[in-house]
Amino acid sequence: MIETTFPRGFALRIRPWLGIAAAASFAVASVMALAWAPTDAVQGDVYRIMYVHVPAAWLGWLWSKRPWFDAAAVASAEIGVLFTGLALVAGSIWAKPTWGVWWTWEPRLVTTAVMFVMYVGYLLLRSLSTDFDRRATRAAILGVILVLDVPIVHLSVLWANSLHQLPTVLRAGGSPALDSAMLLTLMVSVAAFTLVYLYFMSARVAIELSRRMTIWGAAGAQPPRLP
Amino acid sequence: MTGLARVGLVASRELSAERRQPDGAVAAVTFVAVLVLLESLVVGPSRARDATVAAALFWIALAFAAIVVAMRSFDRELDDDALDALVVLPGGRDALFGGKVLALAATLGLVALVGGVLSLVLLDLPLALPVHVVLVVVLGVVALAPVVVVDVVLALRLRARAALVPILALPVLVPQLVSATQGAAAALTGDATAALAWSGILLAFALVYGVVGLTIVPAAIE
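The structure displayed is predicted, hence computed values, not measured ones. Counting starts from 1 at the beginning of each chain's written sequence and moves along it residue by residue. Both sets of labels track the order of writing: A upward for chains, 1 upward for ligands. Restriction of local features to residues with pLDDT of at least 70 applies here, the model being predicted, together with a cutoff of 80 or more for giving and counting side-chain atom pairs; totals for whole chains, interfaces and linings are based on all residues.

Visitor: Give a detailed account of the interface of chain A and chain B, specifying residues and quantitative values.
Guide: With 17 residues of chain A in contact, the opposing surface of chain B contributes 19 residues. Per the convention used, a helix needs a DSSP run of H or I reaching at least four residues, while a strand needs a run of E reaching at least two, with both numbered from the N terminus. Among the elements of the structure, helix 5 (107-128) and helix 6 (132-147) of chain A are those that each provide at least two residues to the side of chain A that touches chain B. Charged residues are taken to be Asp, Glu, Lys and Arg, nonpolar residues to be Ala, Val, Leu, Ile, Met, Phe, Trp, Tyr, Cys and Pro, and polar residues to be all remaining types, Gly included. In terms of residue class, the side of chain A that touches chain B is built from 12 nonpolar, three polar and two charged. Working definition of a contact: two residues with C-beta atoms, positioned from the backbone, lying within 7 Å.

What follows is the structure, given as structure tokens:
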């Protein structure tokens, strides 16, 4: 019964292709980042970590736009924790040779670290709730509150006068400050990370839905119709 | 009875319960007082007199005190099975949230008064702009309360909630703590413009989280 009611729709059919596309684009992005993009005149090869750091930070914020779908929310939150953690670690490694410190109390860094802790709190809240409906409600409410923090992160870039690299891609007016090859490599890296995110997301949503169906089946209840 | 009257009723009921059984407020006042005393021992008397350091420790202590008071308040409802009765009343959830926020802000005001006087006396802090200090403290307390009540509601009836509530609340409170600390430090050292600017930000936080809480949190009260 559970097997027959589990959705075998479009999302399941495209997942293997999404995985292949993610792996291929990730390989291309890695080659471009490590071999094709030129060495920065000031920072040397160290700047290449930007191709991991920037897309990871970008994806760290993505989850908060999908709070209405509980399974997608938990999948995105877990991936958000992974990518935000990756962005913080990669940023720290990048900061040491360029700024001379592993960490600085710059507002955007601090806010990202605070967001990381918020994600962890969100997952902790979910893990302590056993009832699916109540857990979804609590998590959605917390998700909405945490989303309020995202504009603070963005505005801190504009308000703070600090060590952190100014926005290089989405600047108000003017062309991006990067070399064109660096910019292309960064864009490919962002695309690769986005595909990786989508692949992780679809797999995690499927796992979450399957888990719910199994629990409902074990309880002897009629499983609800899944999207 | 209007919604505002219901909120007032819940708040006054909450405050009279706190007056009869003031364990939450007493614990919060003691906690803040101990932290103020520890401050000069831990960081040294000269650094403790720095307005920013003193203000930061004061607000961190107040944030923890807010969590203690709010958790005790909901524990009292759960112990007496009073929460279910409140929730089923017409508009009960909105009134419960609003009343709890008002009562928490009032109790925190008292805690802040005691902690503030202790800080001023023991640390010999300058008090350049007393009216501005009061303004920052009032707005800071009002900005803390909705977030703390929201997080206590979200963790209601969960195991390990004593650990969960600070983990949920403190990261969300970072902007309020930064603004309140900067505002208080500016008021202590005589920078009226900065104190008023930070007060405005605190007012904005209080409004945003108050409205968000009233809109969505009643759905989470079980």
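Visitor: Please give an account of helix 10 (residues 192-216) of chain B that cites residues and values.
Guide: All names here are of chain B. Here helix 10 contains 25 residues, and its C-alpha end-to-end distance of 36 Å stays within 8% of the 36 Å for a straight helix at 1.5 Å per residue. Exposure classification rests on a simple neighbour count of other C-beta atoms within 10 Å of a residue's own: a residue reaching 20 or more is buried, one at 12 or fewer is exposed, and one in between is partly exposed. C-beta atoms are placed from the backbone. Among the residues of helix 10, those classed as buried are Ala-195, Trp-198, Ser-199, Leu-202, Phe-205, Ala-206, Tyr-209, Gly-210 and Gly-213. Packed against the buried residues of helix 10 are helix 6 (92-122), helix 7 (130-154) and helix 9 (174-189). Expected helix span is given by 1.5 Å per residue-to-residue step, counting one fewer step than there are residues.

Visitor: Lay out the packing of helix 2 (residues 23-43) of chain B against helix 4 (residues 51-79) of chain B with the relevant residues and their values.
Guide: Residues and elements named next belong to chain B. With axes taken as lines fitted to C-alpha atoms, and helix axes fitted only over the stretch in contact, angles between N-to-C directions fall between 0 and 180 degrees. Where helix 2 contacts helix 4, the two axes come as close as 9 Å, and the packing angle between them is 155 degrees. It follows that helix 2 is roughly antiparallel to helix 4 by the angle criterion. By crossing handedness, the relation of helix 2 to helix 4 is classed as right-handed. Mapping the contact onto sequence places Asp-23, Gly-24, Ala-25, Ala-27, Ala-28, Phe-31, Val-32, Leu-35, Glu-39 and Val-43 in helix 2 and Val-53, Leu-57, Ala-61, Leu-62, Phe-64, Ala-65, Val-68, Val-69, Arg-72 and Ser-73 in helix 4. Convention used here: angles under 35 degrees read as roughly parallel, angles over 145 as roughly antiparallel, angles from 65 to 115 as roughly perpendicular, and any remaining angle as oblique. Here a crossing is taken to be left-handed if its near helix is turned anticlockwise relative to the far helix by less than a right angle, and right-handed if that turn runs clockwise.

Visitor: A description of the nonpolar core should follow, citing residues and the corresponding values.
Guide: It is characteristic of soluble globular proteins that their nonpolar side chains tend to be buried jointly. To count as a nonpolar core, a set of buried Ala, Val, Leu, Ile, Met, Phe, Trp, Tyr and Cys residues must be joined through C-beta atoms within 7 Å. With 112 residues, the main nonpolar core has Leu-62, Ala-66, Leu-104, Leu-108, Leu-144, Ala-145 and Val-148 of chain B as its most contacted residues. When residues no more than four places from it in sequence are discounted, the contact partners of Val-148 of chain B are Ala-66, Ile-67, Ala-70, Leu-104 and Ala-169 of chain B.

Visitor: If you had to explain the confidence of the model for chain A to someone new, which residues and values would you point to?
Guide: Residue and element names in this part refer to chain A. As a per-residue quantity, pLDDT reports the predictor's confidence and falls between 0 and 100. The predicted model of chain A has a mean per-residue pLDDT of 68, with 56% of residues at 70 or higher. Summarising per-element confidence for chain A, the mean pLDDT is lowest in helix 1 (residues 2-5) (40) and highest in helix 5 (82). A low-confidence stretch, residues 1-7 stays under pLDDT 50, and its non-local contacts, those more than four residues away or across chains, total 11 contacts. Within the model, pLDDT remains below 50 along residues 160-164, and this stretch shows 11 contacts once partners closer than five positions in the same chain are excluded.

Visitor: With reference to specific residues and values, describe unusual backbone geometry.
Guide: Residue and element names in this part refer to chain B. At Asp-124, a residue that is not glycine, the phi angle is positive and equals roughly 55 degrees. Here Asp-124 shows up in the loop between helix 6 and helix 7. On the basis of neighbour count, Asp-124 is assigned to the exposed category, with 11 C-beta atoms found within 10 Å. A positive phi is found at Ala-160, a non-glycine position, where the angle reads about 60 degrees. By the element assignment, Ala-160 lies in the loop between helix 7 and helix 8 (161-172). Residue classification places Ala-160 among the exposed residues on the basis of 12 C-beta atoms within 10 Å.

Visitor: Run through the packing of helix 7 of chain B against helix 8 of chain B, naming residues and quoting values.
Guide: Two packed helices can be described by the angle between their axes and the distance between those axes. Residues and elements named next belong to chain B. Relative orientation of the contacting elements helix 7 and helix 8 amounts to 150 degrees, with a least axis distance of 9 Å. The angle between helix 7 and helix 8 falls in the class roughly antiparallel. Crossing angle aside, the handedness with which helix 7 passes helix 8 is right-handed. Within the contact between the two elements, helix 7 uses Val-147, Val-148, Asp-151, Val-152 and Leu-154 and helix 8 uses Val-165, Leu-168, Ala-169 and Val-172. Residue composition of the contact of helix 7 with helix 8, grouped by class: eight nonpolar, no polar and one charged.

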